[in-house]
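Observations on the three-dimensional arrangement
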Amino acid sequence: MTPGPSTTTHCPYCALQCAMRLDTGPDGRLTARPAPFPTNRGGLCRKGWTSTDVLTVPDRLTRPLMREDREAELTEVGWDTALDFVAARLNALRAESGPDTVAVFGSGGLTNEKSYTLGKFARLALGTAQIDYNGRFCMSSAAAGGNRAFGLDRGMPFPLTDVADAQVVLLAGANPAETMPPMMGHLSAPTLIVIDPRRSGTARAALDDGGVHLAPRPGTDLALALGLLHAVHVQGWTDTDYLAPAPTASTTPGGTPPPGGPNAPNRSPESPRPDSARPPTCSAGPPATAPPTS
Ligand code: SF4
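Residues numbered from 1 in each chain as written. Predicted model: local features only at pLDDT ≥ 70, side-chain atom pairs only at ≥ 80, totals over all residues.

What holds strands together in a sheet is hydrogen bonding between their backbones, with the strands either parallel or antiparallel. Reading across the sheet, the three strands line up as E8-E9-E10 and stay open at both edges, with parallel pairing between neighbours. Strands at the two margins of the open sheet, each flanked by one partner only, are strand E8 (168–172) and strand E10 (212–214). If you compare each strand with its neighbour and ignore which way they point, the axes differ by 15° on average. Of the strand pairs in this sheet, E8 and strand E9 (residues 191–195) are connected by five bridges, and their pairing is parallel. (Pairing = 2+ DSSP bridges. Helix = DSSP H or I, 4+ residues; strand = E, 2+ residues; numbered from the N terminus. Axes fitted to C-alpha atoms, helices over the stretch in contact; angles between N-to-C directions.)

Structure below.
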């Protein structure tokens, strides 16, 4: 059998969205390798390198299973049988209690195409208003904070490559050296300050590069943040031009502040920026060991 097609895509696991190519081997198995992209610059972490392994694990669910009742054993059935059963139950529930009786729960791990299709299925096919996803609890507070601070609800209101322009980067409670290693390539030039109770891999990287590791005792991070704000304020380092006239979501009901505040450069978050030539610290070759299971 000859090798199959190769597809350029993104790693599905985390917000860095590293670019990768999926190659189909002669046996039909997919393998992942890095592709050039501004965030990962030709690197992947071990989760990306091993992302296709889940497709062939022996206990992967590839056929529908049903059981007669809750006590019965699961047995394999055909797709038509399973889909007819699901459709009949959904129709019966909607007929009994209305369309909102069925809720749909998506995932941040879905591709754009799957998210779009799931949203259409929920709103048009089911007619339900009950749709949510697994990022609600972990991200909605961050999105609300981002909106109030920067006028954007996304994780970073600027391209990751902009970090190379910073002189100092303060990371609070983040450990990209272990959670998204390709990001470390963007942090090697700025002075890095890491706030983390643990001496994490990122904290060690900061210290190795002449940066700072602040290790507050657990539960004192707010005191540290307020202390830093106080120091900035009493030293006169606040950007008063930025702060004084800024309409914010909290002071202007229904208003949406401009991204980055009123004095932010007139540049969209997606605007291209000059890239850094620094190599990523992540692996450019496959990992030697299996990825963590969590
Ligand atoms: S850092 Fe790792 S998990 Fe995140 S997108 Fe890149 S390869 Fe995937």
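Having seen it, we continue.
Next up on the list: the site of the ligand. Close contacts around the ligand come from 13 residues, with Cys 11, Cys 14, Cys 18, Cys 45 and Gly 48 the closest. Here the residues of the shell around the ligand are counted per class, giving nine nonpolar, three polar and one charged. (Near = placed C-beta within 6 Å. Nonpolar A, V, L, I, M, F, W, Y, C, P; charged D, E, K, R; others polar.)

This next bit is on helix H3 (residues 112–126). In this model H3 runs 20 Å from its N-terminal to its C-terminal C-alpha over 15 residues, within 8% of the 21 Å that 1.5 Å per residue would give. Gly 127 sits one or two residues past H3 and shows a positive phi near 70°. (Expected span 1.5 Å × (residues − 1).)

With 21 residues, the main nonpolar core has Cys 18, Met 20, Leu 44 and Met 183 as its most contacted residues. Going through the elements one at a time, strand E2 (19–24), E9 and helix H6 (201–208) are the ones with two or more residues in this core. The element that contributes the greatest number of residues to this core is H6, accounting for three residues. Not counting residues within four places of it along the chain, the set of residues in contact with Met 20 comprises Thr 9, His 10, Cys 11, Ala 32, Arg 33, Pro 34, Ala 35, Leu 44 and Gly 48. (Core = buried A, V, L, I, M, F, W, Y, C linked by C-beta atoms within 7 Å. Buried ≥ 20, exposed ≤ 12 C-beta atoms within 10 Å, placed from the backbone. Contact = placed C-beta atoms within 7 Å.)

Over its 19 residues, helix H2 (residues 79–97) extends 27 Å from the first C-alpha to the last, a length consistent with the 27 Å expected when each residue adds 1.5 Å. Taken from the residues just after H2, Gly 98 is the one with a positive phi, measuring 95°.

What follows covers the sheet that holds strand E1 (residues 6–10). Strand order in the open sheet formed by three strands is E1-E2-E3, with antiparallel pairing between adjacent strands. Of all the strands in the sheet, the pair left with one neighbour each is E1 and strand E3 (30–34). Each strand of the sheet is rotated relative to its neighbour by a mean of 30°, with strand direction disregarded.

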